[in-house]
Amino acid sequence: MPGGEPVRVGRPLVIAIDGPSGSGKSSVSKEVARRLRLAYLDTGAMYRAVTWDCLDRELDLGDSALVEASARALDLELSTSAELEYVAVRGNDVTAAIREPHISASVSAVATNLGVRDELIRRQRALIAAHGRRMVVEGRDITTVVARDAEVRLLLTASEEARLRRRGLQLGGTQSAEELVQQVVERDARDSTVASFTQAADGVYTVDSSDLDFEETVSAVLDVVQAAVGRPAGA
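Predicted, not measured: the structure shown is a model, and the values here were computed from it.

### Let's talk about the sheet that holds strand S3 (residues 76-78)
Part 1 of the argument: With antiparallel pairing, the 3 strands of this open sheet are ordered in space as S3-S4-S5. Each of the sheet's edge strands pairs with one partner strand only, and the pair in question is S3 and strand S5 (92-93).
Part 2 of the argument: Pairing analysis gives 2 bridges linking strand S4 (residues 87-89) to S5, with the strands arranged antiparallel. Pairing of alanine 88 across the sheet is with aspartate 93, part of S5.
Part 3 of the argument: Packed onto the sheet, helix H2 (residues 43-56) meets S3, S4 and S5 and runs at close to 30° relative to S4.

### A word on empty space enclosed by the protein
Part 1 of the argument: Following the criterion strictly, the structure yields 1 cavity of 30 Å³ or more and no others.
Part 2 of the argument: If you add up the space inside the largest cavity, you get close to 110 Å³.
Part 3 of the argument: Taken together, 13 residues make up the lining of the largest cavity; nearest its centre are Tyr40, Asp42, Ser79, Leu84 and Glu85.
Part 4 of the argument: Here the residues of the lining of the largest cavity are counted per class, giving 7 nonpolar, 2 polar and 4 charged.

### Details of the sheet that holds strand S8 (residues 205-208)
Part 1 of the argument: The 5 strands lie next to each other as S2-S6-S1-S7-S8, forming an open sheet whose pairing is parallel. Since the sheet does not close on itself, it has two edges, and those belong to strand S2 (39-42) and S8, each with one partner. Going from strand to strand, the sheet's axes swing by 20° on average, the running direction of each strand aside.
Part 2 of the argument: Bridge count between S2 and strand S6 (residues 134-139): 4 bridges; the pairing is parallel. For alanine 39, the partnering residue across the bridge sits in S6 and is methionine 135.
Part 3 of the argument: Docked against the sheet, helix H5 (residues 114-130) engages strand S1 (13-18), S2 and S6, running at close to 155° with respect to S6.
Part 4 of the argument: On the sheet, helix H9 (residues 214-229) packs against S1, strand S7 (152-157) and S8 and is oriented at approximately 155° with respect to S7.

Cut-off values and rules
- Residues numbered from 1 in each chain as written.
- Predicted model: local features only at pLDDT ≥ 70, side-chain atom pairs only at ≥ 80, totals over all residues.
- Heavy atoms only, no water.
- Pairing = 2+ DSSP bridges.
- Helix = DSSP H or I, 4+ residues; strand = E, 2+ residues; numbered from the N terminus.
- Contact = heavy atoms within 4.5 Å.
- Axes fitted to C-alpha atoms, helices over the stretch in contact; angles between N-to-C directions.
- 1 Å grid on protein atoms, 1.4 Å probe; cavity = no way out; pocket = protein on both sides within 12 Å on 5 of 7 lines; lining within 4 Å.
- Points joined across faces, edges and corners; volume = space filled by probe spheres on them.
- Nonpolar A, V, L, I, M, F, W, Y, C, P; charged D, E, K, R; others polar.

Keep in mind these values describe shape, not function.
Right, here's the structure in full:
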């Protein structure tokens, strides 16, 4: 709990959380990191940063070799604190810019580039190691690829109806129903060609948040942590 002792003091605790768009994994992962005093890594922000960089430099996202080279050379600063959201590319603060609809519409072209994935997975693993393997890491292939040896592996999912509703609220009602389907359902379909985040792999817990509010979802995830490491969540 906030202000309590961290879990597994002096020992690794990587909590790997996968899930589809709109499942609540970013907000829930941040809160879990806060309560357990762990670092936090939003891997999706890294793919969005590469996308922003390519579009800002007017690169062709269809040129896989060029996009891969851009990812490998990317000058990226990324907050790993649950208390601060900050992303910078080439010294430019792009924290808000990478969440714009045109980035959401283009990010799958980058996220399905296997060369880009190799580079960002390398960076993600380096960040986990740099924080002493005490981090909540969320994305789409964390439990199966990035941190398949994590102490806690969890798939956070929700029904399509719930995910579309949540994403619509998150965007303040600025997107049409068709645009929401494109951003949530169609993007997940494209991304699932290179990452597994719709079904839990062996040894991965599942939390279905379709009928849970935010606090209930956080509690369910903390219960999974408790079950996985054998200590009361937050203790």
